[in-house]
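Structural characterization, general
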Amino acid sequence: MTDSNKMIINLALFGMTQSGKSSVGNILLGSSDFHSSFSPCSVTKDCCLGRSCHLCGFMRRGGQEITLQIQVLDTPGYPHSKLNQEHVKQEVKHALAHHFGQEGLHLALLVQRADVPFCEQEASSLVQMIQELLGHAWKNYTAILFTHAEKIEEAGFSEDEYLHEAPETLLTVLNSIQCRYIFQYKKENSFNEQRLQMLERIMGFIKENCYQVLTFK
């Protein structure tokens, strides 16, 4: 935050290959900063920071209108189809320290496709990386964002029914992070509507944390 009427929110995206991280980043930024496409292999190879334009009239704090700017760190898929896990981990560690070392990170989003099972082996390695990078307080600064949530509706599930049927691995993670989750629906939703819905949920989580941040050395 540079003055009392402006707030910069720092977010980092984590997820497996083709989970939709870069697409989510573009929606949050309201731009097309990150390359996003369907591919049989991992698309994102490097960490990349994107900045949104200033958002006016989105929120108020202490009776005053706050101008909001979103910064999003996109990261390579983990596990990656071309890069080894240690390389990805070190790349992300360096990027977190470089971009958020002093300003701090408000929230990490674990991006997961709603129509793909949260498999124990791959998911566990991803969650473990997040734990190692964010430290012991990771549970307070992490939320799961489910992409392709329209597939849930198409299958006849409500969000609660979907989570009730979720594997134990996913439920364990959700319980660890105090059930912070967001469903992203593309069906019949405009780009701007998706953005506002996600930002409202994200700002709710950040407010619950009293706008505290994680810092990196």
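Before reading on, note that the structure itself is shown above.
Now for a quick tour of the structure. (Residues numbered from 1 in each chain as written. Predicted model: local features only at pLDDT ≥ 70, side-chain atom pairs only at ≥ 80, totals over all residues. Heavy atoms only, no water.)

Enumeration according to the criterion identifies 3 salt bridges in this entry. A salt bridge links Glu-86 to Lys-89; the nearest nitrogen and oxygen atoms lie 4.0 Å apart. In this pair, Glu-86 and Lys-89 are both assigned in helix H2 (residues 85-100), 3 residues apart and thus about one turn of the helix distant. With relative accessibility at 44%, the residue Glu-86 sits in the partly exposed group. Residue Glu-132 is joined to Lys-89 by a salt bridge in which the shortest nitrogen-to-oxygen separation is 2.9 Å. (Salt bridge = Lys/Arg side-chain N within 4 Å of Asp/Glu carboxyl O. Helix = DSSP H or I, 4+ residues; strand = E, 2+ residues; numbered from the N terminus. Buried < 20%, exposed > 50% of the residue type's maximum accessible area, 1.4 Å probe, protein only.)

So, about the side chain of Ser-19. Tracing the sequence through the fold places Ser-19 in the loop between strand E1 (6-15) and helix H1 (21-29). Of note is the side chain of Ser-19, whose polar atom sits 2.9 Å from the backbone oxygen of Met-16. Not counting residues up to four positions away in its chain, the partners in contact with Ser-19 are Val-111, Arg-113 and Thr-147. (Polar contact = N/O pair within 3.5 Å; in protein donor to acceptor, adjacent residues only side chain to side chain. Contact = heavy atoms within 4.5 Å.)

Here we take up the packing of H1 against helix H7 (residues 191-208). Running from N to C, H1 and H7 point in directions that differ by 90 degrees, and their axes come no closer than 8 Å. Between H1 and H7, the interaxial angle falls into the category roughly perpendicular. Between H1, through Asn-26, Ile-27, Leu-28 and Leu-29, and H7, the contact on the second element is made entirely by Phe-191, Gln-194, Arg-195, Met-198, Leu-199 and Ile-202. A per-class count over the contact of H1 with H7 returns 7 nonpolar, 2 polar and 1 charged. (Axes fitted to C-alpha atoms, helices over the stretch in contact; angles between N-to-C directions. Parallel < 35°, antiparallel > 145°, perpendicular 65-115°, else oblique. Nonpolar A, V, L, I, M, F, W, Y, C, P; charged D, E, K, R; others polar.)

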